[in-house]
Structures are given as structure tokens and as C-alpha cells.
Amino acid sequence: MQPVFAMKGVTKVYDTGEVKVYALAGVDLELFSGELAVLLGPSGSGKSTLLNILGGLDHVTSGQVWFRGKDLTSLSDRQLTRYRRDHVGFVFQFYNLVPSLTARENVQLVTDVARNPMPAAEALELVGLSHRMDHFPAEMSGGEQQRVAIARAVAKRPEVLLCDEPTGALDSKTGIQVLETLHGINREFGTSTVVITHNADIQKIAHRVLFFQDGRISRIHRNEQRLEPADISW
Amino acid sequence: MQALDRKLLRDFRRLWVQALAIAMVLACGVSILLTAVGMHQALDSTQDAYYGRNRFTDVFASARRVPNSLLPELSAMNGVLALDARVSGFASLELPGRVKGAVGRILSLPETGMPQLNVPVLRSGRWPDVPGEVVVNEPFAKSNRFSPGDSFLANINGNKRALTITGTALSPEFIYTLGPGALMPDSETFGIIWMRPREAEAAFDMTGAFNDLTLKIARGVRPEEVVFQVDQLLEPYGGHGAILRDEQGSHAIIDAEISQLKGTAMVLPPIFFGISAFLVSMVMSRIVALERAEIGLLKAIGYSDFEVCLHYLMLAALVAFAGIAIGWAAGTWLARSLAVLYARFFDFPFLIYNVSYWVYALSALAALLTTTLGAARAALKAARLAPAVAMQPPAPPRFKQSLADIVMRRLRLSQPTVMILRSLLRWPFRSALTTLGLALAVASVVSSAFFSDALHEIVDTAFFQSNRQDALLTFTEERPEEVLEEVRRLPGVLQVEALQYAPAVLRNGPLSKRVAIEARKPGSEMVRIVASDGSVAEPPPDGMLLSERLAEQLGILPGDNVEVQFTTGRREVVEMPVAGTVRQYFGLGAYMDHTSLNRLFRQQPRVSAAAIAMDASREDELHRALREIPAAAGLVLMTDTRRSFQDTIRQNVIVMNSIYITIAVLITIGVAYNGARIQLSERARELASLRILGFTRGEVSYILTGEMMLLALLAQPPGWLIGAWIAKAATDNFSSDLYTIPLVLKPAAFSTASLIVLTAALCSVLIVRRRLDRLDLVAVMKTRE
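Residues numbered from 1 in each chain as written. Chains lettered and ligands numbered in written order. Predicted model: local features only at pLDDT ≥ 70, side-chain atom pairs only at ≥ 80, totals over all residues. Heavy atoms only, no water.

### Section: the overall build of chain A
Rules: What counts as a helix is a DSSP run of H or I of at least four residues, what counts as a strand is a run of E of at least two, and both are numbered from the N terminus. With the radius of gyration taken over C-alpha atoms, the globule rule is written as 2.2 Å times the number of residues to the power 0.38. In what follows, a contact means two residues having at least one pair of non-hydrogen atoms within 4.5 Å. Where accessible areas are quoted, they stem from the Shrake-Rupley method and a 1.4 Å probe; at the residue level, only the protein chains shown are allowed to cover. Positive charges come from Lys and Arg alone, negative charges from Asp and Glu alone, with His and the N- and C-terminal ends not counted. In plain terms, the charge of a residue is placed at NZ if it is Lys, CZ if Arg, CG if Asp and CD if Glu.
A tally of helices and strands in chain A yields six helices and 10 strands. A globule of 234 residues ought to have a C-alpha radius of gyration of about 17 Å, and chain A, at 17 Å, matches this closely. Seen through its principal axes, chain A has C-alpha atoms that stretch 50 × 40 × 40 Å. In chain A, the proportion of contacts linking residues at least 24 apart, taken out of those at least 6 apart, comes to 71%. For chain A, the accessible surface area stands at approximately 9900 Å², while carbon and sulfur atoms represent 47% of it. Looking at charge distribution, chain A has the averaged site of its 25 positive side-chain charges lying 4 Å from that of its 27 negative ones.

### Quick word on the overall build of chain B
Put simply, the rule is: Exposure is judged per residue with a 1.4 Å probe applied to protein chains only, and the accessible area is read against the type maximum: over 50% gives exposed, under 20% gives buried, and values in between give partly exposed.
Secondary structure summary: chain B contains 23 helices and 22 strands in total. The buried share of chain B, taken over its 785 residues, is 54%. For chain B, the share of sequence-separated contacts (at least 6 apart) that also reach a separation of at least 24 residues comes to 82%. With the model as given, the accessible surface of chain B reaches about 34200 Å², and the carbon-plus-sulfur share is 58%. Where the 78 positive side-chain charges of chain B centre and where its 73 negative ones centre are 13 Å apart.

### Some words on the interface of chain A and chain B
We count it as follows: Defined in terms of a 1.4 Å probe, buried area is the accessible area two parts forfeit on being brought together, summed over both. Each salt bridge in this description consists of a side-chain nitrogen of Lys or Arg and a carboxyl oxygen of Asp or Glu lying within 4 Å of one another.
Facing the 24 residues of chain A at the interface are 22 residues of chain B. Between chain A and chain B, the buried area comes to about 2100 Å², and carbon and sulfur atoms account for 58% of it. Summed over the three residues of chain A that lose the most area to chain B, namely Leu57(A), Leu109(A) and Asp112(A), the buried surface amounts to 23% of that side. For the pair chain A and chain B, the interface holds three salt bridges.

### Re the sheet that holds strand E11 (residues 243-244) of chain B
Residues and elements named next belong to chain B. Threshold: Paired strands are those between which DSSP finds at least two bridges. To get an axis, fit a line to the C-alpha atoms, keeping to the stretch in contact for a helix; angles then go from 0 to 180 degrees between the N-to-C directions.
A sheet is described by the order of its strands in space; here four strands give the open sequence E2-E10-E1-E11, paired in antiparallel fashion. Because the sheet does not close on itself, it has two edges, and the strands there are strand E2 (80-86) and E11. Note: E2 against strand E10 (residues 209-217), six bridges, orientation antiparallel. Within E10, the residue paired with Asp84 across the bridge is Thr214. Taken strand by strand, helix H6 (residues 223-234) contacts strand E1 (59-67), E2, E10 and E11, and its axis lies near 10° from that of E1.

### Concerning the domain arrangement of chain B
Residues and elements named next belong to chain B. Just so we agree on the cut-off: Boundary definitions for the domains trace back to an automatic or database domain assignment. Contacts described as polar in this section are N or O atom pairs within 3.5 Å, which, within protein, must combine one atom able to donate a hydrogen with one able to accept it, while residues neighboring in sequence count only if both atoms come from side chains. Throughout this entry, Asp, Glu, Lys and Arg are counted as charged residues, while Ala, Val, Leu, Ile, Met, Phe, Trp, Tyr, Cys and Pro are counted as nonpolar. The remaining residues, Gly among them, count as polar.
Domain boundaries in chain B define domain 1 (52-252), domain 2 (427-469 + 638-785) and domain 3 (493-614). Here the C-alpha centre of domain 3 lies 45 Å away from the C-alpha centre of domain 2. Counting the surface lost from both domain 2 and domain 3, the interface buries some 1500 Å², and carbon and sulfur atoms represent 49% of this. On the surface where domain 2 and domain 3 come into contact, there are zero salt bridges. Where domain 2 touches domain 3, the interface holds five residue pairs in polar contact (both at pLDDT 80 or more). Residue contributions to the side of domain 2 that touches domain 3 peak at seven residues, all from helix H14 (residues 428-466). Taken together, the residues of the side of domain 2 that touches domain 3 break down into seven nonpolar, eight polar and three charged.

### Here we look at the sheet that holds strand E9 (residues 208-213) of chain A
Residue and element names in this part refer to chain A. Reading across the sheet, the six strands line up as E6-E7-E8-E3-E9-E10 and stay open at both edges, with mixed pairing between neighbours. Of all the strands in the sheet, the pair left with one neighbour each is strand E6 (88-91) and strand E10 (216-222). Between one strand and the next, the sheet's axes are offset by a mean angle of 20°, whatever the strand orientation. Relative to strand E7 (residues 160-164), E6 runs parallel, the two sharing four bridges.

### Details of helix H6 (residues 172-189) of chain A
Residues and elements named next belong to chain A. What counts, and what does not: For a helix, the expected span equals 1.5 Å multiplied by the number of residues minus one.
Taking 1.5 Å of rise per residue, the 18 residues of H6 would be expected to cover 26 Å, and the 26 Å separating its terminal C-alpha atoms lies within 8% of that figure. Within the sequence span of H6, burial applies to Thr174, Gly175, Ile176, Val178, Leu179, Thr181, Leu182, His183, Gly184, Ile185 and Asn186. Contact partners of the buried residues in H6: strand E3 (36-40), helix H4 (120-126), helix H5 (142-154), E7 and strand E8 (192-197). For H6, the N-terminal cap is Asp171; the gap from its side-chain oxygen to the backbone nitrogen of Lys173 is 3.1 Å. Trailing H6 by a residue or two, Gly190 shows a phi angle of about 70°, which is positive.

### Examining the packing of helix H3 (residues 103-111) of chain A against H5(A)
All names here are of chain A. Quick reminder of the rule: Geometric relationships in this document are graded by angle, where less than 35 degrees denotes roughly parallel, more than 145 denotes roughly antiparallel, 65 to 115 denotes roughly perpendicular, and other angles denote oblique. Helix crossings get a hand from a simple test, with the near helix turned counterclockwise from the far one by less than a right angle marking a left-handed crossing and a clockwise turn marking a right-handed one.
H5 packs onto H3 with a crossing angle of 30° between their chain directions and a minimal axis gap of 8 Å. Considering their axes alone, H3 and H5 lie roughly parallel with respect to each other. Judged by the twist between their axes, the crossing of H3 over H5 is right-handed. The segment H3 lies against H5, with Ala103, Asn106, Val107 and Val110 engaging Val148, Ala151 and Arg152.

### Things to note about unusual backbone geometry
In this structure, Arg68(A) is a non-glycine residue whose phi angle is positive, near 45°. Within the secondary structure layout, Arg68(A) lies in the loop between strand E4 (62-67) and strand E5 (70-71). Its identity as a non-glycine residue notwithstanding, Arg602(B) has a phi of 50°, on the positive side. Topologically, Arg602(B) is positioned in the loop between helix H17 (594-600) and strand E21 (606-614).

### Notes on the packing of aromatic side chains
Quick note on the threshold: Only Phe, Tyr and Trp rings are paired, with Trp represented by its six-membered ring, and only when their centres lie within 6.5 Å; those with planes under 30 degrees apart are stacked, over 60 edge-to-face, the remainder tilted. As a reminder, the over-ring test applies to NZ of lysine and CZ of arginine, requiring each to be within 6 Å of the ring centre and within 35 degrees of the ring normal.
By the definition in use, this model includes 18 aromatic pairs over all chains. An angle of 25° between the planes, with centres 5.9 Å apart, marks the rings of Phe146(B) and Phe152(B) as stacked. Summarising the burial analysis for this pair, Phe146(B) and Phe152(B) share the class buried. Consider the rings of Phe346(B) and Phe348(B), whose centres lie 6.3 Å apart with planes at 65°: the pair is edge-to-face. With a relative accessible area of 3%, Phe346(B) lands in the buried category. Owing to a relative accessible area of 11%, Phe348(B) belongs among the buried residues under this scheme. Within the aromatic cluster, the residues linked to one another by ring pairs are Tyr50(B), Tyr176(B), Tyr342(B), Phe346(B), Phe348(B) and Phe350(B). Its guanidinium or amino end placed over the ring of Phe211(A), Arg219(A) lies 3.9 Å from that ring's centre, counting from NZ or CZ. The side chain of Arg430(B) reaches across the aromatic face of Trp427(B), ending 5.0 Å from its centre.

### A word on the nonpolar core
Here is the rule: Throughout this description, the term nonpolar core refers to a set of buried Ala, Val, Leu, Ile, Met, Phe, Trp, Tyr and Cys residues connected via side-chain atoms within 4.5 Å.
By size, the foremost hydrophobic cluster in this structure holds 114 residues, and its most contacted members are Phe5(A), Met7(A), Leu50(A), Leu109(A) and Tyr312(B). The element that contributes the greatest number of residues to this core is helix H19 (residues 638-692) of chain B, accounting for 12 residues. Grouped together as the second largest cluster of nonpolar side chains are 37 residues, Val38(A), Ile150(A), Leu170(A) and Ala206(A) included.

Here it is, written out as C-alpha cells:
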């Protein structure tokens, strides 16, 4: 398989003046095209920092990151914006929907600026929300809001989907629905998907599981037998 | 429409109350700019067009009697383009159905039809054809309900004759018309009468002569030189001294008005724009803080820094658009209302009211620029926010121990009070600007409220202390003092005092001023001169008293000498000591002793006017008797003058006070409402936590209202100071040679201002407090900061 992302010796240090915090302490990693990878680890182990760096939201302190052979660490802010606009879809724990826009309009926020987007309605249909398109976030359940967020992320037909605790704020049943959506997109479009979670049960749906500890990858586990989201519970 | 634009519109709708509060302040600036510049333009271009079309002259001169043979010499003067010689004189009028007399200024028309200069505009009827026919100025006709065909009696130089009105006219010379001895225009008792030349000449004994001259001079010629030449030529014929436009009564008033409008346009709008910029900055900073996560999201999904920055600038622009729309509507309406008001004061045959598009564009541009500047800091902050940082909650504010904390501990203040004070100290810049905004609201009321106290002071000094007579009887020309005996014998007259006027130019080095020196007898009880300290002053036998403003303009201090060049009689130049200065609100007074003046002129004592105390019940009898006295030019009743002055000024003061109070209230609401909303949004969690801990609604709202009301209280002293300063500037701006407005600052003006602003602030905060009562405690605690 072709690597989508490659990382070498990546460190990220937060310097508060008094103390230096190593969020990432020398990470080497490859993520492959069409892969669904789960990043597992305790709070503060560096998962979100890694995701932010992959998504072009944050800069490394040292080391290098390549996206399809292109060095992300050498890109300017303007180029990083372009990179995010064209290639990356984000899903967040708290959905981050714009409360003043309806489901459809939240998706349009992306389709307005993306290069080759799918129609907003189609993206919402993909996550099973055709009937809720004109509802505002406040009128939807948490699961529905997260599915809108997923629709928004996939509407630009991204190559990578970066999900930070997508089920963190949801109950088990709704969480599984959301995972099914992500799983389906990964399978159907071959979108490389990275999911951060605290929840060890979710690892069973991944191709690979990366265990994080103190800013490093402590272990990588390949699932020989993947489960469908419907087959897991927590 | 793009989704981001939709967000913009919905955000704007959600914030509409706050946006409206800001837009109203902005609208004040826009509308005042539009009104002041618009009216300035209207008056200026109307005046320009009127002067141009009707050939308003540059130099005005009068003399006792000048033979027509001098005309060729006058016309040949260097720089003179055209001149009009005419006969001018006053006549007392008897109007049908009216007991009180009126005064008319008769002007002769040229032999050959229309005057070349100061061309009157015929408004109705026709020009006179036969003897006995006249045209009168339109306001006089309207006030007395005259129409062509009506007649009235005129007592001209002792001959009573009936005059028939054939038409009405307006003239660029008489846009603002003051009768002799009057302080305010009263078109009911003073009119301009245009008469056929032969008739006027005969009536005033001017056959083959003239006594009034107007000249138009060429560009590039120094008008002072023409004045000098005219004075030289007219001197042998009793010339009274030529004057330039600047000193012509009607022109001076309009010019003063035009420059006042300019001053208003320069000073007031920037204040409103400044406050709006601050409000926008305050609200936008808070919005950016609240939408931190959304900013992070927009950047995460690929919106550029520029697009994010623009998004927030556009939000501010929407506020500007609202302000511009309201400002344009209010400004257009205000300017039109003002135009109507001007039309009432000034007699223009037309008003070019055509506010240019550039004035609208300028006001809109200023408003947009203001809000953009106000929003710039917040929008740039949004643009600079790194996406990964934006997704994180902001770092909590760092409170550090300071001297203030030690003081607060010593004072054993309650925790809510400490919270209020810490918040003020934590954001000193914001607190200071909020205080300044509210201080400007206080200043707005103070700067207008003082006017009614000033009016009271003017009326008290002018009518109850200085001019205590019931009426002023003016004579057509100077009379021997013995005439006072005749006046004393008139029905209803109880007491008579002499007044004599001597036109002169006062000089001190390069500074000079043309005035009418007033001579009075010592011990006058009615016409008194009141000194600055309130005591009654008498001009010394060998010196002068000057009004404070005149002394200031001439740079003269009591004890200095002033050069006096009389412009009548022997036209002598004398040096005279200035014994002191006196407070005076009307005109530029210069006073001398009656006996000394006549001794100086080497003549028997003469009088120009008589101050009269009269029995009010016999007023009608007096008016009737005066009709038979040709020397009497007119009787000005002080009560009428005072009433008309008070009425006019009071109307203006009421309008002005209402406008300034509205402005103050709008500023207060803008500042206090937005301030409180922002505090509520910043402190929602904190306040909800306190409620959960068992604080009552009252206790929690104390924190919210306390901070804003404390700032409002702190704003009072600077507000009073700024208000007093603006009032001082306003008195300087409004004062002219015609009148001076005293700076009278009474505690009531300050307390009214404070009461209005504190009440408006409290109401604004209480509206926000209602939101606090509706706070969903659980929901607030759940929201992520």
C-alpha cells in the first residue's frame, strides 16, 4: 500500500516559559491509503497534537511530515490552508457545527470553498440525514449533529478524514451509528481515516491500532480480524 | 448565497439589539454630518446664488446729503464696477387696525426702472407707477396680511401720506431684517418700502441729491481702498463712514450662521464616530472571543485568514449599513426641518436645498471607516488565531495580587464587590473607554442645558438690570435736548431719560472697530450700565466705558487709551482713556458721558432717543399721540422685545435640548447596554455558579449592574468637565458682534445631566438583567468555555 502520511522524528514542544511540555517526543509513523487507523491512548499522550499536525492545523517543533511525498513542514500558512481546503476532512468531539446555520448550510460551508465537492444534499444523504437537512444544530440530537459534521467533512471528497474523539460525547448506541457512517465512507470511497479515541472497544474496527504513551507510539497492533461497528459495544 | 454569508446575516439578526444600539449612535454622527454639511451647503449656495443673481454689493455708505454731481467722480473711482445712489430714510407708519406704530425704511428706486445693484425680487404684484404707490418687503406684507391694493399711512419727515401697496419684494440686502433699536427681527413692526425716486427725493428733501450709496467692486481690488476713497469723497457731505459686507447687518448674521454650521459639522460627528468605533470594537472583541471554536473550524476546513478576517469586518459593516440607513433618513428629515426653520428666519426668495451625493457618500464612508477601524483589532485577532489554538478553550485571565487587592482586603469588601472591582482593574482600558463614552453622554446634556440658564442671565442683565425702561422712542435724527420735555408731556409718559448715539471708529494700533458710542446722563435710573461685578457703572466725564467683548477685540485694558474717530459731525479724532469694562450681551457697547460728548462736539446737548417709563394703561393713547410727531421714528416696547427674544430663543433651546438629550440617551444605551451584554456573556458561567452556590438573583445581578453603574458614576465628574468645556467652546462659537452668550453653569445643569445618564444607564442594564433572570443554570454550566 502507498503511504498517505509519513512522519519522521516529529516532536512538538509547548513552551510555557517556566516548563517545557513534550506533546510529541520523536514520532515515526506511516499511514496508508484507504487505511482506517485508530489512535488509542490516555489524555495528554499526544494523540490530538499528532492529528492537528497531520491536518495542517499546527506546526512541528522538529522532524518532518510528508503528505503524498510533499513535505508539510515546509509549507507556509497560506499553503497549509490550501492543503486543508483540498485534502483534509475533520470531525471533532463536540461537532463544531455553526449554530446559526442549518445542517445543509453547515455542509455548504465546505462545498462553497472546496475544489470538487459533492452536493451538500448528497453528503447528508450519505450519513442518512436527508430528512433533517433544514434543521438547525440545536434541533438535532448529538448523534445527528456528529453525522452532519461527518457529512461536512466528506462533502469535499477528502483524501483523509481526521476524527478527534468522534464518539466522545455520544452514548453507545449513537456512537455506533456514527462509527458505521465513518466505516462506510472508508470502505466505499477508500478515504484514509484516522480516529482518535479513549475507547478501547473501537479499536476492533480498525485496520491498525496505534497506542500512544507520553508523546510516543508505544505499540502498533494490526487487526487480522476486523469487526463491523454493529458488532461492538461499550 | 454562500453559507458563510448566511452565517453573517443570521449572526447580525441574533445581535440586532446590540447592533441597533451601536447603529443609533453611528446614525447620530451620520445625520449631524449630513444636516450640518447639507445645511451649510444649502445656505452657502443659496446665499451665493442670490448674491450673484441679484448683485449684492461689496460696499455700503451713507451720508447726510450728497449732490448727484458727485456721482461721476464716485463712478470713476479705481475698482468700482457699478454703483447705485439712492435716498433712504425712516418713516413711522400707521397700519390699519393697529394701534401700535410701525417703522418703515424707505428706499428710492432708480429713475430708470430697476436698481442695478441689490436687485429686489418682485414676489407679487408690480412695481409702482404713479405717486403714492410702493412695494413692500414680503415678510412685512405677510405679517400684516397686506396684499397688493392695500394702503397704510406713513409719516415722512412730518408729512403724513397714504401709500398703496402694488407689490411685494425681497432683497439680498434684507435677508435678516432688524428694525431700529430691535434685538430680534419683527416683520410686523418693521418693513422695507421701495418708492418711486421723485417721491422719495421730495419726501426727504433730497431733490438732486442722495444719502445712500452701494458699490460693487472689481475682483483683485482691495475693498479697504475703495472704502477709504468713498469716505474721502463723502466727508464734505456728512458721510457716516462706508462699510464692507462683513459689517452689513443682514450679511453678518447669515455668515455667522454659515460658519456655525461648519463648526458643528467639524466637531460633533467625529465624537459620535469615535464612540461608535469603541462600541464596535468592544462588541466585536467579544464576538471573536465567543466564536473562537467556530474560527478554528473555519480555518480547519480551509478558509483563509483573509476570509475569516473579512467575515468579521463584514459583520461590523452591517452595523455601519444600519447606522447609515437610519442616519440618512434622520439626516434628510432633520435637514429639511432645519431648512424650514431657516426659511422662517431668513428671507430668501428660494432655497437651494440640494444635499449633494458626495455628502451622503462622505457620511457613509466615514461610518464604514469608523466601524471597520473599530472591528479591525478583533478581526485581525481572528485572522491571526492559529487554528489548533482556536480549537482549545482560551487561557483564563490571569489575576495577580496587586496593591488594589491589599486595599480591598483592608476595606473588608464583600466578595461580589471585590469581583466588580477586580474586573474593572483587569480591563482598565475597556473600563476607561466605557467611562469616557458615558462621560460624553453627560457632557452632551451639560453642553446644551446651560443654554437656558444663559438665556435667563441675558434677559436679567439686558432687560431687568441695564434697560429698565418700558419703551425706547427713537428719533429720525438727532434733536435738541429740549425735545425730552415734549416727550414728557405725551400721554402716559411717567419718566424720560436721554440717549445719544455717536457713530465712531475706535482704534488701538492696528485694531479697529466701528461702533455707535452711547452717551448717557449721570444718575440715569432706567438706562443703566452694569459692570462685570454687577454694580452700576457711570462713564467718567473724560473717559469711556467699553463692553468686555469690544475691549477684548481692541486689545484694550482699563486704563489704556483708545483713539476715537467720530464718523459724523465734525469727524474729529480724539484720544480717550478707557475707564473700565462692562458686561454686556447685546452688541458692542461703548459708553460716554452725555455732557462730555456734546462738549466734545462743541454743541448744545442733543438726543437720539428717549427711554420712557410709561403707564401701561395709557399705551394706546401714547401710540396715537406719537403718530402726530414727525420726529418720532419709532417706539420699541421693551416687553415686546424681551418676549420675542425669549420666545425665539426658548423655542430653539427646547429643540436643541431635546436633540442633545436624545443623543445622550442613545450614547448611554449604546455604551451601557453593550457593556452589560458583554459582561453577561463573559460572566455567565461565573454568575450561574454563584446562583448554584445559593446566591439570590438580586445578589448576582448586583455584580452585573454594579460594575456598569460604578462606571456610570465614575463618568459623572469627567462628564461635567467635558460638558463645561464644550459649553465654553459653544459660547465662543455662538458669540458674535451682535450678541454674546455668557457661560452660566449652574448645579441644576450638572444634576439634570447626571440624572438623565444614570437613569438611561440603569434602564439599559436592567434590560440585560432580565436575561440574567432567565439564565438556564444547567445549560450554562454545560457549555464549553
